[in-house]
Amino acid sequence: MAATASSYRSPFLPSQLNFHHHHHHQLPPITSAISTTNKRSTRTKYRKGAIKCSREFSDFVGGDLIKPDLGKWLSDVEEHKAIAIYSPHEGGYEGRYLNRLRYQGYRFLDVSARGLGDPETTLTKIHPVCPAHIGKQPIARWYFPPEVDYRLSLLPPDAKGLVVWVLEAKVLSKAELQFLALLPTLRPKVRVIAECGNW
């Protein structure tokens, strides 16, 4: 398996070269650095005033694989019990942290902050829900049990706890976020992870 990285080395940018001129310009040579596992040889050439585009190993592999912090993640969840996270835009990172909690024996309650209503009422109290009516149907009101208490009652004996994973928590007010921070104190077997934005 061979890895090849090349860079264009010239005192001029490609846009500065006039390709429509009558006589041909002699372009500077393109220098490449080639490393082959079979021959185990490297070849590099340098010129003065060269433009170099370099790559690092972290550009091709996720930063969490370079500096693993999953152990720190588990200790933070156990110590603080309620954490706000800012995941990258491309996604995927939060799934690794979720899987690590799942391996520890946690079960999950995924809720979205949009349309959640009052978090205290929805998660810890019996709350009414008015379904959308179509046409001439009467407006009904149904009562649902507390989401957190209901899920805690269904946990198997070998479960370590319940993780309330709140999506789009950036729309919540400071008072609502404060309640989420206090929820593990009210329910000791509950952990809260709130996605408060991107980073």
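Everything below is about the structure shown above.
Residues numbered from 1 in each chain as written. Predicted model: local features only at pLDDT ≥ 70, side-chain atom pairs only at ≥ 80, totals over all residues. Heavy atoms only, no water.

## Some remarks on unusual backbone geometry
Condition: Only DSSP runs of H or I reaching four residues or more are called helices, and only runs of E reaching two or more are called strands; each is numbered from the N terminus.
Backbone geometry places K81, a non-glycine residue, at a positive phi of 70°. For K81, the position within the fold is in the loop between α3 (70-80) and β4 (82-87).

## Considering helix α4 (residues 93-103)
Definition in use: Residue burial is assigned from relative accessible area. The probe radius is 1.4 Å, only protein chains are included, and a residue is buried under 20% of its type maximum, exposed over 50%, and partly exposed in between. Directions pointing from the helix axis toward each C-beta atom define the arc. Should any heavy atoms of two residues lie within 4.5 Å, those residues are considered in contact.
Within the sequence span of α4, burial applies to E94, Y97, L98 and L101. Viewed along the axis of α4, the buried residues span an arc of 100°, placing them on a single side of the element. Tucked inside the fold, the buried residues of α4 contact α3, β4, β5 (106-112), β8 (161-167) and β9 (190-198). In the segment just after α4, G105 is the residue with positive phi, at about 110°.

## Concerning the sheet that holds β5
The condition that has to hold: When DSSP finds two or more bridges between two strands, those strands count as paired. For every element, the axis is a line fit to its C-alpha atoms; helices are fit only across the contacting stretch, and the angle between N-to-C directions ranges from 0 to 180 degrees.
In spatial order, the strands read β4-β9-β8-β5; together these 4 strands make up an open sheet with parallel pairing. Strands with a single pairing partner mark the edges of an open sheet, and in this sheet they are β4 and β5. Across the sheet, the mean angle from the axis of one strand to that of its neighbour is 25°, orientation sign disregarded. Most of the contacts of helix α7 (residues 174-186) go to β9, to which it runs at about 150°, and overall it touches β4, β8 and β9.

## A look at the nonpolar core
As a reminder of what qualifies: Throughout this description, the term nonpolar core refers to a set of buried Ala, Val, Leu, Ile, Met, Phe, Trp, Tyr and Cys residues connected via side-chain atoms within 4.5 Å.
Core analysis: the biggest nonpolar cluster contains 20 residues, and V148, V164, V166, L180 and L183 have the highest contact counts within it. Mapped onto this core, the elements with two or more residues apiece are β5, β8, α7 and β9. Considering each element in turn, this core owes the most residues, 4 residues, to β9. In this view, V164 contacts L109, V111, V148, V190, R191, V192 and I193; residues no more than four positions away in its chain are not counted. In terms of nonpolar packing, the next biggest core, distinct from the first, is built from 13 residues, Y97, Y106, F108 and I193 among them.

## Digging into the pattern of salt bridges
The following threshold applies: Between Lys or Arg on one side and Asp or Glu on the other, a salt bridge is scored when a side-chain nitrogen of the former is within 4 Å of a carboxyl oxygen of the latter.
By the definition in use, this model includes 6 salt bridges. For K160, the salt bridge identified is with E78, shortest N-O distance 3.6 Å. One end of the pair, K160, is in the loop between α6 (147-153) and β8; the other, E78, is in helix α3, and 82 residues separate them in sequence. Residue K160 is classed as partly exposed on the basis of its relative accessible area of 40%. Judged by its relative accessible area of 29%, E78 is partly exposed.

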